[in-house]
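The residues making up each chain are set out below.
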Amino acid sequence: MLSTTPPEAANVHVLRWVDSVVKHCTPDTVLWCDGSAEEKAEVLKRGVADGTFIQLNQKKWPGCYYHRSNSNDVARTEHLTFICTPSKDLAGPTNNWMNDQDAYAKLRGLFAGCMKGRTMYVIPFLMGVPGSKLAKVGVQLTDSLYVVANMAVMTRMGNLAFDELKQDRSFTRCVHSLGDVNPERRYICHFPQDNTIWSFGSGYGGNALLGKKCMALRIASYLARQQDWMAEHMLLMGVRSPEGEKSYLAAAFPSACGKTNFAMLIPPKKYKDAGWEVTTVGDDIVWMWVDEASGKLRAINPEAGYFGVVPGTNSKSNPNAMACIRKDTIFTNVALVPLEDGTYDVWWEDGDWPAPAKAIDWQGHEWTPNAPGKAAHPNSRFTAPSTNNPVLDPAYNDPEGVRVSAIVFGGRRSRTIPLVYQAFNWIHGVYIGATIGSETTAAATGQQGVVRRDPMAMLPFIGYNIRDYLVHWFQMRKKMVDCPRIFMVNWFRKNDQGKFVWPGFGENMRVLKWIIDRCNGRAYARETVLGWMPRAQDIDLDGINVSPEELQSLESVTPEDVKAEIMSQEELFLKLAGDLPKEMIFQRELLITRL
Ligand code: GTP
Ligand code: SPV
Ligand code: MN
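Residues numbered from 1 in each chain as written. Chains lettered and ligands numbered in written order. Predicted model: local features only at pLDDT ≥ 70, side-chain atom pairs only at ≥ 80, totals over all residues. Heavy atoms only, no water.

1. Topic: the coordination of the manganese ion (ligand 3)
Note on the manganese ion (ligand 3): its protein donors are Lys213 (NZ), His233 (NE2) and Asp284 (OD). The metal-donor distances range over 2.1 to 2.6 Å. Around the manganese ion (ligand 3), the six donor atoms are arranged such that angles at the metal cover 64 to 175°; this shape is classified as irregular. Read in sequence order, the donor residues coordinating the manganese ion (ligand 3) give the pattern K-x19-H-x50-D. Here His233 lies in the loop between β12 (229–232) and β13 (235–240) and Lys213 lies in helix α8 (residues 211–227), a separation of 20 residues in the sequence. (Donors = N, O, S within 2.8 Å, 3.2 Å for Na, K, Ca; no water. Tetrahedral: all angles 85-135°; square planar, octahedral: opposite > 155°, others 65-115°. Helix = DSSP H or I, 4+ residues; strand = E, 2+ residues; numbered from the N terminus.)

Given below as structure tokens:
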């Protein structure tokens, strides 16, 4: 239960730090969260009372609530996100940088007295499986009930974090205030050297749920580099083949490019009948390390829930996600539908239900099907507990993690990039990941649909200099006895009529099968300029509306395409000029010589 007194398990370092932030932010009340089910009910009740949440029709949506964020605050704001270090070189050419002392000074001003008249919640949480060697404790202080309710789903929240921390002082210090939710005064600041995050002026997703992108990627990637492990923007899935062998695959796709959907893939009937089974370990973040005994890469999912894109989620595209959101889910910025009995339903574009005659859109305005705008924001999200997932992998809770057999990179590309190909080796695979291009989406504010380079889908999430990050990736190979195979996929190639050629979603099983078979020495591939590619007959097309010619077109790349791609990578190479790991230069040269 929410308590005005700290639990016994909170150590002196936590108490002292909380005390200092309380003195600075001057909340009227301080409440400690213990992570219990009763507490969650209490938080939601308070949220309904103060307008943060609207309870949904409990018959259709048991335990589910609705939240509408400020309409200026609906996606991560990368231009307001900073890595704060003594020198700019530590943040590198791809991050926004502020001198750490300047940032502290600026934010101290904003945070001073900012919680007057409000309640500060103290949220202890664990990222990672309890008992795992990579599990990390964080404590978030926030004046947002929405954040409390979401952290309860997304992290292992509560006193277990203090039990894990014991007397240690190494926890991530996360300070968050909604402030006045003004983009002019919005800062998401990371101090990797102090294991500290200060976030002001946003209540949305990756800006405010500080365990997620801020801690489990930006701070964690910085720690990982020093401690020889990896923190990546990846899903993690298990694949059981008809022979009964189980493989795990980690995949990095940029924001809103299909991680959640791929992680929850349901094999088409024919594959299910044959004995293929896909299970989810995680859908957004993976922490990986090399197991000393075997020399192989192992991984855990540090999160406890899914913060997933809602529009487009339906029983056909992602039945498992539909199962995940059936209960105990928070819906943010979808459309709200008032029902006759005074309760509320939710609605979104490309879901299961026809458009309601009337709804309230994500901005709080009345909406009808003829209205020009969308009812649900394209980046509207669900927050659902992992344990709702009908295909949750048993290893989700295993502190030893799972062995990674394949790493898959992907992006959203209407042209050029083939459906699937395999890297020649690790170094080549790292080059492929480092040069991912993807058309930008609604997950971050800014221009949409333009190709930008998004190395390892981590461009907005690397907490230090990208040069050192790429070197770290190359170096990891030397620590492994046997390394995962690396692949590139693209579900988003379009034909001349602007339509997706590949059906995607569950049908991605056909590509997944080729990948798994390649990892286990079963599938054929031909050598091409880009890497190892399946021939048309190596991908099963039986039962889908894709002809062998269309598959061939999906896999075709002309030398002109490759040249144009190399030229458009120049933007990244120039940014890194002088700092490029030599492997990057050599790999590019090798690619050019293959033309
Ligand atoms: P983040 O949570 O932002 O990291 O996104 P994500 O990578 O988990 O993406 P997600 O699975 O939520 O998918 C984002 C969008 O891509 C949704 O609108 C999906 O409908 C669409 N999408 C996902 N998989 C496929 C696919 O195989 N084919 C096509 N055409 N669209 C897809
Ligand atoms: C992403 O943008 O990659 C997300 C959503 O997963 S957020 O938590 O807002 O970062
Ligand atoms: Mn993500």
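Moving on from the model shown.
2. Quick notes on the site of ligand 1
What surrounds ligand 1 is a group of 21 residues, the closest being Ala256, Lys259, Thr260, Asn261 and Arg381. At 2.8 Å, a backbone N or O of Lys259 approaches an oxygen atom of ligand 1. The separation between an oxygen atom of ligand 1 and a polar side-chain atom of Arg412 is 3.2 Å. (Near = heavy atom within 4 Å. Polar contact = N/O pair within 3.5 Å; in protein donor to acceptor, adjacent residues only side chain to side chain.)

3. Digging into the packing of helix α2 (residues 37–49) against helix α5 (residues 145–154)
Where α2 meets α5, the axes come as close as 9 Å, and the angle between the chain directions of the two elements is 150°. It follows that α2 is roughly antiparallel to α5 by the angle criterion. Where α2 crosses over α5, the handedness of that crossing is left-handed. Across the interface between the two elements, Lys40, Val43, Leu44, Arg46 and Gly47 of α2 pack against Leu145, Val148, Ala149, Ala152 and Val153 of α5. Here the contact of α2 with α5 is built from residues that sort into seven nonpolar, one polar and two charged. (Axes fitted to C-alpha atoms, helices over the stretch in contact; angles between N-to-C directions. Parallel < 35°, antiparallel > 145°, perpendicular 65-115°, else oblique. Left-handed = near helix turned anticlockwise from the far one by under 90°. Contact = heavy atoms within 4.5 Å. Nonpolar A, V, L, I, M, F, W, Y, C, P; charged D, E, K, R; others polar.)

4. Section: the packing of aromatic side chains
Throughout the structure, instances matching the rule amount to 27 aromatic pairs. Seen from their ring centres, Phe53 and Tyr65 are 6.2 Å apart, and the 70° between their planes marks the pair as edge-to-face. Of this pair, Phe53 sits in the loop between α2 and β2 (54–55) while Tyr65 sits in strand β3 (residues 65–67), and the two are 12 residues apart along the sequence. Accessibility assignment for this pair places Phe53 and Tyr65 in one class, buried. (Phe/Tyr/Trp six-rings, centres within 6.5 Å; stacked < 30°, edge-to-face > 60°. Buried < 20%, exposed > 50% of the residue type's maximum accessible area, 1.4 Å probe, protein only.)

5. Some details on the sheet that holds β2
Through backbone hydrogen bonds, the strands of a sheet pair up, either in parallel or in antiparallel fashion. If you walk across this open sheet you meet the five strands as β2-β3-β19-β24-β18, and the pairing is mixed. Strands at the two margins of the open sheet, each flanked by one partner only, are β2 and β18 (305–309). In the sheet, strand β19 (residues 330–332) pairs with strand β24 (residues 381–385) via three bridges, with the strands oriented antiparallel. Following the sheet pairing, Thr332 is matched in β24 by Arg381. (Pairing = 2+ DSSP bridges.)

6. Concerning the site of ligand 2
Close to ligand 2 lie Arg76, Gly205, Gly206, Lys212, Lys213, His233, Ser255, Asp284, Phe307, Arg381 and Ala443, which account for all nearby residues. In this structure, Gly206 approaches ligand 2 through a main-chain N or O atom, which is 2.8 Å from an oxygen atom. Relative to its unbound accessible surface of 280 Å², ligand 2 loses 98% to contact with the protein. Counting only elements with at least two residues in the shell around ligand 2, the list comes to α7 (205–208) and α8. The class makeup of the residues in the shell around ligand 2 is two nonpolar, four polar and five charged. (Areas by Shrake-Rupley, 256 points an atom, 1.4 Å probe, with all protein chains shown as cover.)

7. What to know about empty space enclosed by the protein
Taken as a whole and judged by the stated rule, the model has one cavity of 30 Å³ or more. When its volume is computed, the largest cavity comes out at roughly 210 Å³. The wall of the largest cavity is formed by 17 residues, among which Ile417, Tyr421, Leu530, Glu565 and Gln569 lie closest to the centre. Of all the secondary structure elements, the ones that give two or more residues to the lining of the largest cavity are α12 (426–434), α16 (559–575) and α17 (582–594). For the lining of the largest cavity, a count of residues per class yields 10 nonpolar, five polar and two charged. (1 Å grid on protein atoms, 1.4 Å probe; cavity = no way out; pocket = protein on both sides within 12 Å on 5 of 7 lines; lining within 4 Å. Points joined across faces, edges and corners; volume = space filled by probe spheres on them.)

8. Some words on the side chain of Asn490
Residue position: Asn490 is located in the loop between β29 (485–489) and α14 (509–519). A relative accessible area of 1% means that Asn490 is categorised as buried. Of note is the side chain of Asn490, whose polar atom sits 2.9 Å from the backbone oxygen of Arg413. With sequence-adjacent residues up to four places away left out, Asn490 is seen in contact with Gly411, Arg412, Arg413, Ile417, Pro418 and Leu419.

Honestly, it's all geometry; don't read function into it.
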